[in-house]
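# A look at the structure
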Amino acid sequence: MSLPQYKKDFLKTCEDAGALKFGTFTLKSKRVSPYFFNAGLFHRADLLRSMSLAYAQSMKAHGEADSSFDFDVLFGPAYKGIPLAATTIDKLADLDVAKYGKKSYSFNRKEAKSHGEGGNIVGASLKGQKIVIIDDVITAGTAIREAIDIIKSEGGELVGIIVAFDRQEKTPTENDDDGKPGPSAIGEVRKQYGIPVLSILKLDDIVEYLRSQGSEENIKRLDEYRAKYKASD
Ligand code: OMP
């Protein structure tokens with residue numbers, strides 16, 4: 001298999017966590033998918049460490065090649081983004097304390113709080129700060145757009161996004177399963193905001209991995225699904 005080592009390592013972690021499931025799953029977008037990636041299953045300490053290391057390595061590698069990805073605050077949208085932001089900022093500081101040791105993380109509350117310190121953001125303020133969003137999965141882009149709206153309304157400047165898994169699906173249309181490839185949710189966000197959107201793994205990687213494992217039935221179902229919803233970019 002010709003995947004880079006960090007992707008192979010992360011795929012192994014996904015296997016250990018049972019995070020990649022094959023079967024029949026109805027997604028948030030109402031599409032019925034033959035597989036599901038569940039980042040909530042990385043709850044064991046060793047798995048969480050491997051996952052945050054994979055995020056941190058991807059961010060560090062991209063940050064070294066592209067200075068526009070420099071950020072002040074790593075923002076993890078509630079709920080699934082919260083442990084991702086906290087553990088990844090910690091890992092980044094492990095990898096390069098001079099560069100990341102003074103960076104912050106924060107997350108939103110789902111319900112606004114009117115007493116105590118008040119407000120919707122816990123952790124570093126987003127105002128006037130360069131923000132990277134960290135989240136689990138992008139399918140149709142709905143969750144990520146909600147996070148972008150929070151950053152805008154808090155006066156932050158979005159400089160990038162990182163997710164664990166890009167399902168490489170087109171943005172939903174009226175005739176959603178017409179089999180005509182359309183622009184991807186990630187591609188649209190990239191274009192609209194002019195920012196990098198990174199993913200540790202994407203669907204193509206999973207297919208390559210399955211082919212190397214000889215999982216004919218799963219590949220067939222994935223190919224059928226991709227024929228309906230695959231993004232054109
Ligand atoms: P979109 O908002 O359509 O981009 O879907 C992203 C969200 O869907 C993620 O934050 C997850 O809550 C959920 N999801 C997964 O976790 N794994 C998948 O494989 C697919 C989805 C999904 O429902 O599309």
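Our structure's up above, just so we're on the same page.
Residues numbered from 1 in each chain as written. Predicted model: local features only at pLDDT ≥ 70, side-chain atom pairs only at ≥ 80, totals over all residues. Heavy atoms only, no water.

### Describing the pattern of salt bridges
Scanning all chains against the criterion turns up twelve salt bridges. Ionic pairing is found between R31 and E169, a salt bridge with its closest N-O pair at 2.9 Å. Within this pair, whereas R31 is found in the loop between β1 (20-26) and β2 (32-37), its partner E169 is found in the loop between β7 (157-166) and α6 (185-193), the two being separated by 138 residues in sequence. Given the relative accessible area of 1%, R31 is considered buried. Residues D223 and R211 are paired through a salt bridge, measuring 3.8 Å at the closest nitrogen-oxygen approach. Of the two residues, D223 sits in helix α8 (residues 216-229) while R211 sits in helix α7 (residues 203-213), which places them twelve residues apart along the sequence. The class of D223 is partly exposed, set by a relative accessible area of 32%. (Salt bridge = Lys/Arg side-chain N within 4 Å of Asp/Glu carboxyl O. Helix = DSSP H or I, 4+ residues; strand = E, 2+ residues; numbered from the N terminus. Buried < 20%, exposed > 50% of the residue type's maximum accessible area, 1.4 Å probe, protein only.)

### Considering the side chain of S52
If you trace the backbone, S52 turns up in helix α2 (residues 45-65). Look at S52 and you get buried, because its relative accessible area is 3%. At a separation of 3.2 Å, a polar atom in the side chain of S52 contacts the main-chain carbonyl oxygen of R49. When near neighbours in sequence (up to four residues on either side) are disregarded, S52 contacts T87, T88 and K91. (Polar contact = N/O pair within 3.5 Å; in protein donor to acceptor, adjacent residues only side chain to side chain. Contact = heavy atoms within 4.5 Å.)

### Overview of the packing of helix α1 (residues 5-17) against α2
In contact at an axis separation of 10 Å, α1 and α2 are set at 155° when each is read in the N-to-C sense. Our classification of the angle between α1 and α2 gives roughly antiparallel. Classified by chirality, the crossing of α2 by α1 is left-handed. Here Y6, F10, T13, D16 and A17 of α1 lie close against α2, whose contacting residues are L47, S50, M51, A54, Q57 and S58. (Axes fitted to C-alpha atoms, helices over the stretch in contact; angles between N-to-C directions. Parallel < 35°, antiparallel > 145°, perpendicular 65-115°, else oblique. Left-handed = near helix turned anticlockwise from the far one by under 90°.)

### Remarks on the pairing of strand β6 (residues 130-138)
Burial within β6 is extensive, with eight of its nine residues counted as buried. In the sheet, strand β3 (residues 73-75) pairs with β6 via three bridges, with the strands oriented parallel. By the bridge assignment for β6, F75 is matched with I133. Relative to β7, β6 is paired through eight bridges, and the arrangement is parallel. Bridging from a neighbouring strand, K130 pairs with E157 of β7. (Pairing = 2+ DSSP bridges.)

### Things to note about α8
Quick reminder: α-helices carry 3.6 residues per turn. Residues three or four places apart thus point the same way. Under the 1.5 Å per step criterion, the end-to-end length of α8 is 20 Å for 14 residues, consistent within 8% with the ideal 20 Å. Buried within α8 are the following residues: I219, L222, Y225, R226 and Y229. Taken down its axis, α8 places every buried residue within 130° of arc, on the same side. Among the exposed residues of α8, those pointing more than 90 degrees away from its buried face are E216 and A227. Of the surrounding elements, those touching the buried residues of α8 are β1, β2 and α7. (Expected span 1.5 Å × (residues − 1). Arc of directions from axis to C-beta.)

### Observations regarding the site of the ligand
Within the structure, the ligand sits among 14 residues, and F37, T139, G141, A143 and R167 are positioned closest to it. The contact in question runs from an oxygen atom of the ligand to an N or O atom on the backbone of G141, over 2.7 Å. Between an oxygen atom of the ligand and a main-chain N or O atom of T142, the distance comes to 3.3 Å. Look at the ligand: alone it shows 500 Å² of surface, and the protein chains cover 91% of it. (Near = heavy atom within 4 Å. Areas by Shrake-Rupley, 256 points an atom, 1.4 Å probe, with all protein chains shown as cover.)

### Describing the pairing of β1
Summarising the sheet, β1 and β2 pair through five bridges and their orientation is antiparallel. Across the sheet, the residue bridging to L20 is F37, located in β2. Counting the residues between successive antiparallel strands, the hairpin from β1 to β2 contains five residues, one of them, K30, with a positive phi of roughly 80°.

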